[in-house]
Amino acid sequence: MAVILPQAVPVIDASTLIDWYVRAQRDLPWRRPGVSAWQILVSEFMLQQTPVARVEPIWLAWIARWPTPSATADAGAADVLRAWGKLGYPRRAKRLHECATVIATEHGDVVPDDVDTLLSLPGIGTYTARAVACFAYGKRVPVVDTNVRRVVARAVHGLPDAGSPSTRDLADVEALLPDDETAPQFSVALMELGATVCTARSPRCGVCPLEHCGWRARGFPAGTAPAKRVQKYAGTDRQVRGRLLDVLRGKDSPVTRAELDVAWTVDTAQRDRALDSLLVDGLVEQTADGRFALCGEAD
DNA sequence: CATGCGTGGTA
DNA sequence: TTACCAAGCAT
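What you see is a predicted model; the values in this text were computed from it and never measured. (Residues numbered from 1 in each chain as written. Chains lettered and ligands numbered in written order. Predicted model: local features only at pLDDT ≥ 70, side-chain atom pairs only at ≥ 80, totals over all residues. Heavy atoms only, no water.)

J.: Would you mind going over the overall build of chain A with me for this structure?
T.: Helix and strand counts for chain A stand at 15 helices and 2 strands. Across its three principal axes, chain A shows a C-alpha extent of roughly 70 × 45 × 30 Å. Burial status across chain A gives 43% buried among its 299 residues. Surface accessibility of chain A: about 15600 Å² in total, with carbon and sulfur atoms responsible for 54%. Measuring between centres, the 35 positive side-chain charges of chain A sit 8 Å from its 36 negative side-chain charges. (Helix = DSSP H or I, 4+ residues; strand = E, 2+ residues; numbered from the N terminus. Buried < 20%, exposed > 50% of the residue type's maximum accessible area, 1.4 Å probe, protein only. Areas by Shrake-Rupley, 256 points an atom, 1.4 Å probe, with all protein chains shown as cover. Lys, Arg positive; Asp, Glu negative; His and termini not counted. Charge placed at Lys NZ, Arg CZ, Asp CG, Glu CD.)

J.: Is there a simple way to explain the UniProt feature "domain: HhH-GPD" (unreviewed entry) in chain A in this structure?
T.: With numbering matched to this structure, UniProt assigns "domain: HhH-GPD" (unreviewed entry) to residues 46-196. The span residues 46-196 carries 62% helix and 0% strand; its end-to-end C-alpha distance comes to 19 Å. (UniProt positions renumbered as here; feature names shortened; annotations may be inferred.)

J.: Sorry if this is basic, but what is going on with unusual backbone geometry here?
T.: Trans is the prevailing form of peptide bonds, just as negative phi is the prevailing case for residues other than glycine. Despite not being glycine, Gln49 shows a phi value in the positive range, around 75 degrees. Topologically, Gln49 is positioned in the loop between α2 (37-47) and α3 (52-65). One non-glycine residue with positive phi stands out, namely Asp109, at about 70 degrees. Among the structural elements, Asp109 can be located in the loop between α6 (91-106) and α7 (115-119).

J.: What is the right way to read the pattern of salt bridges from this model?
T.: Pairing between side chains becomes possible if they bear opposite charge and their charged atoms approach one another. The tally for this structure, following the rule as stated, stands at 22 salt bridges. For Arg168, the salt bridge identified is with Asp172, shortest N-O distance 3.1 Å. Of the two residues, Arg168 and Asp172 both sit in helix α10 (residues 168-176), 4 residues apart, roughly one turn of that helix. One salt-bridge network, held together by shared partners, links Arg257, Asp261, Arg271 and Asp272. (Salt bridge = Lys/Arg side-chain N within 4 Å of Asp/Glu carboxyl O.)

J.: What should I look at first to understand the protein's contact with DNA strand C in this one?
T.: In the vicinity of DNA strand C, 27 residues are found, and the nearest of them are Leu47, Thr128, Asn147, Val230 and Gln231. Here Arg26 contributes a side-chain N or O atom positioned 3.4 Å from a base nitrogen of DNA strand C. Between a phosphate oxygen of DNA strand C and a side-chain N or O atom of Thr128, the distance comes to 2.6 Å. Looking at the surface near DNA strand C, the element that brings in the most residues is helix α8 (residues 126-135), giving 3 residues. Tallied by class, the residues present in the surface near DNA strand C amount to 11 nonpolar, 9 polar and 7 charged. (Near = heavy atom within 4 Å. Polar contact = N/O pair within 3.5 Å; in protein donor to acceptor, adjacent residues only side chain to side chain. Nonpolar A, V, L, I, M, F, W, Y, C, P; charged D, E, K, R; others polar.)

Structure below.
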C-alpha cells in the first residue's frame, strides 16, 4: 500500500542536517579551504569505489606533485599509474590523466563548472560531474552517490536499503535540496550521514540527527531484496591484472615476458588473457623488441 | 541494464 | 576464514 502524498515539507530538514554536519564532519583534506576545483576532482576520482582512509595519503602526495591539470597532463602516463599505487581500478588513473589533458588543452587549464561539460570528460559520470559542480563551484545540483541513495531510501521511503540506481534518485534529492546557497553543504552533509551514521552494515541510529526516518517509523523492517551477487576477487582476471601491473609498477624499464609470467602461474591461459586485456585497456604496452612496460613509460 | 574492473579492512 | 563492503564508470 504505497502512500502517495504531495511532499510540501521535505522529510529531511536541511538546517537540522547541516547543524549536525558542522558538528560531526570528518576533517578530510580535500574539504579544507584553498583546495582547487582540480584537486577536488582528483579526490572524486580516487574515491570512486575506494575508502577514504586509503585515498587520503595518496591524494596528499598527488596534489603536492601535480597541483594542476596541466602539471598532471605533462606527467608521463607510467608515472601517473605508479603514483596511483594500489588504490585499485587503475583505469581510473589513466582516465584521470586523460581528463587532465583535455582540461589543459581544451579548457585553458580550468575545470569546467557545468554538469554537461564535466560529463563529457573521460572518467566523469553522473556522480562525479555533479560532485565537482557542487563541491568545487557551489552549484545547486543534486549529488547522488550510494550513501545518499541509502539515506533517502530509509528516511524518505522507509526502505531498508536503496534499490537499483535510477533517474528517480535525482528527483528525490532535488526535492530535498534547499533553495538557497546552503545546497552544497546540505549535499555533503547527506553523504557524510550515509558514510558515518546511516551505514550499510550496522547503522548507528542512536546518534542519527534526523527527526523523521521512514524506516525507523516502520520498525526497521528487514530487507527482502535478494542482495546483488558479491564480487569475487581471488582467482579472477582482476586479481591477475593486479599482479601483472604490480610487477610493472616496480620497474622503470620494460620487462620480458618471462618476468611477467612468474607473477601468475596458476592458469597460464588466464594470465595471457589478463595481459591482453591490459594491452587493450592501454595500461600496458609492448616495446618493439617484445618486452612489456606501463603505458607511456618511454614518454 | 548487467557486467567487469583492484585492493584491503572489518565482522 | 569467508563474505561483505568502500564518494562509480564505461560498455
